[in-house]
Amino acid sequence: MREDKKRIDAVWGRRLIWTVYFAGFFVMALVMVFSQPHVDRVSAIPVSPPDEYFRMLIPKFICEHGTLPTGLEEEVRITGCGFSYGLYNVLPYIIQGYVMRLVNLFTDSGLVLLYAGRMVNVAFGMFMAWVVYLLGGRLFKDQRFRILFCFAVMYLPEHLFVHTYINTDSCCMLSTAMILYGLVCAYQDGFHYRNGAWLGGGIILCALSYYNAYGYILSSMILFVGYYIKKDKRLRIDWKPMLKYGIFISVLVLLGTGWWFIRTYIVLDGDILGLRTKEQLALLYALEETSPLNTYQAKGIGVWQMLQENKFFQCLYDSFIAAYGSLGIRGNRWTYLSYKLFFGAGILGWAAAWIFDKELRKIKGRQIFFHLNMMLCAILPLVIMINYAYTMNYQHQGRYILPSLLPIMYYTVGGIERLSAVRIKKFLMPDLLVNAGIIFALFIAVGSAVYMVFFQALPVYLEFGMTY
């Protein structure tokens, strides 16, 4: 009877935690949605979301005209930069635009339409929270570390932030979770149509939202082919199931993305990614300081020198953790230090497992292949971001490398899990100490998000006031 009561208490305890996980994220996202200023002028306001004024031009155009912009229209052009966000992949803007068009049947209020567009990204965030919940269950059998992983991903202050204003980052982050979930399920259970649908759906959202996450598409292709490479007496490829599910996923992705790239090819005279057109417009209409002729590359300055300027990596790290508004609202030094401790604990765990515990460092061939691809997903957004900073004068903002978040948190929480299980001369970390460490890590994740939303951002927003 007592054991049954303990089991029931444990179930209700977990339900309470997961209720807090979903409801807490939703409440904080709503607070940000309805409090963040949106300026009705072009001047840079340090408390307004990054470039939201110009991002809003795309769904606003769709709302008003019922069609997609080509990106060449003057009314969607970014003042000073000369090009338009309409040249990029705009699936999230399309969804936001038609939701706004629906809301526009009932009201002409610009503020209500803005809220409607922002709420699309809250929906992306809530869907991602659910996918991360499923993914955590696959990656961590111990419920304690599953809980820590989910909170660490969804409550990272900067990650929560991108689900609260008009952008394509939110949809992109959802796509990375879907791709990884589909791959993890496939590697654990084998490929079938359901896993293929998760993978294909994630690739579609990724391809039509954000170039910085394209490493996930590359990695999913490598992992898919690698899954069917078998080693008996010699290496061979299991062609029949590979072609069966490969064709299914390919057709799904082509149907989901082909229309956009065909349209772009026609509208932009063969410029399927829009990058050449973007540079041409920038040369014509950009101000001198934002011109393609004023990049580090154009001025002959080396990449290493660029990385040494303006505390490049320090600013990148800080804004990866928490930088609201147009980088104008930051946490205190404990916000950034606590995450260094969190990441450091993960690194320590992997190092301790590798040095002291033979069992924990055993990784089989297919697992090695999977881990290499996870690392690829973590590193490529940084490489792409540095390339953009060098060739296009992109600022070193942490939101550009947020696609690395899931692998980073997987290895951090995985390292902490290994630290709790490593045996050093028959000494095993006591459960009490492990639980205390997990609670402290959860406090970092939840506390940082609550602090940034309610104690750093909200007072500034309320003082500034909503403008439209």
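Going by the structure above, here's the rest.
All values reported here derive from a predicted model rather than from experimental measurement. (Residues numbered from 1 in each chain as written. Predicted model: local features only at pLDDT ≥ 70, side-chain atom pairs only at ≥ 80, totals over all residues. Heavy atoms only, no water.)

1. Regarding the pattern of salt bridges
We count it as follows: In what follows, salt bridge is the name for a side-chain nitrogen of Lys or Arg lying within 4 Å of a carboxyl oxygen of Asp or Glu. Helix numbering and strand numbering both begin at the N terminus, where a helix is a DSSP run of H or I of at least 4 residues and a strand a DSSP run of E of at least 2. When a residue's accessible area, from a 1.4 Å probe over protein chains only, is under 20% of the maximum for its type it is buried; when over 50% it is exposed; and in between it is partly exposed.
Here the structure, examined in full by the defined rule, presents four salt bridges. For D431, the salt bridge identified is with R144, shortest N-O distance 3.7 Å. Highlighted residues: D431 in helix α17 (residues 431–464) and R144 in helix α5 (residues 143–154), separated in sequence by 287 residues. Residue R144 is classed as partly exposed on the basis of its relative accessible area, which comes to 26%. Where salt bridges share partners, they join D142, R144 and D431 into one cluster.

2. Describing the nonpolar core
Generally speaking, soluble globular proteins have nonpolar side chains that are buried together. Just so we agree on the cut-off: We call a set of buried Ala, Val, Leu, Ile, Met, Phe, Trp, Tyr and Cys residues a nonpolar core when their side-chain atoms join them within 4.5 Å. Contacts are residue-level and defined by heavy atoms, with any inter-residue pair within 4.5 Å sufficient.
Core analysis: the biggest nonpolar cluster contains 140 residues, and F149 and F342 have the highest contact counts within it. If one sorts the elements of this core by residue count, helix α7 (residues 169–189) sits on top with 14 residues. Among all residues touching F149, those that are not within four sequence positions of it are V132, L135, G136, L139, F140, L406, M409, Y410 and V413.

3. Focus: a nonpolar patch on the surface
Going by this rule: Here, patches come from residues exposed beyond 30% relative accessible area and free of salt bridges, joined within 9 Å for like charges and within 5 Å for nonpolar side chains (Val, Leu, Ile, Met, Phe, Trp, Tyr). Here the Shrake-Rupley method, with its probe set to 1.4 Å, supplies the accessible areas, and only the displayed protein chains count as covering residues.
Taken together, the side chains of V225, I229, L235, I237, W239, L243, I247, V251 and L255 define a hydrophobic patch exposed on the protein surface, amounting to about 860 Å² of accessible area. Breaking the nonpolar patch down by element, the ones donating at least two residues are β2 (235–237) and α10 (239–267). Position of I247 among the secondary structure elements: in helix α10. Note on I247: relative accessible area 52%, which makes it exposed.

4. Considering the packing of aromatic side chains
What counts here: Any pair of Phe, Tyr and Trp rings, taking the six-membered ring for Trp, is counted once the centres come within 6.5 Å. Such a pair is stacked with planes under 30 degrees apart, edge-to-face with planes over 60 apart, and tilted for the rest.
Under the definition given, this model contains 37 aromatic pairs. With a centroid separation of 5.0 Å and an interplanar angle of 85 degrees, the aromatic rings of Y181 and W198 are classed as edge-to-face. Within this pair, whereas Y181 is found in helix α7, its partner W198 is found in helix α8 (residues 193–207), the two being separated by 17 residues in sequence. Per residue, the accessibility class of Y181 equals that of W198, and both read buried. For the pair Y187 and F370, a centre-to-centre distance of 5.7 Å together with 50 degrees between the ring planes defines the contact as tilted. Taken together, the positions of Y187 in helix α7 and F370 in helix α15 (residues 365–392) put the pair 183 residues apart, joining distant regions of the chain. Residue Y187 shares its accessibility class with F370, and that shared class is buried.

5. Topic: the side chain of Q96
Counting through the fold element by element, Q96 comes out in helix α3 (residues 91–103). On the accessibility criterion, Q96 (0% relative accessible area) is buried. Discounting residues that sit within four places of it in the chain, Q96 has contacts with P59, G117, V120, N121, I166 and N167.

6. So, unusual backbone geometry
For N310, which is not glycine, the phi torsion reads 55 degrees and is therefore positive. Note on placement: N310 falls in the loop between α12 (303–308) and α13 (312–321). With relative accessibility at 53%, the residue N310 sits in the exposed group. Of note, the phi angle at K311 is positive, near 50 degrees, even though the residue is not glycine. Summarising the element assignment, K311 is placed in the loop between α12 and α13.

Treat this as a map of the structure, not an account of what it does.
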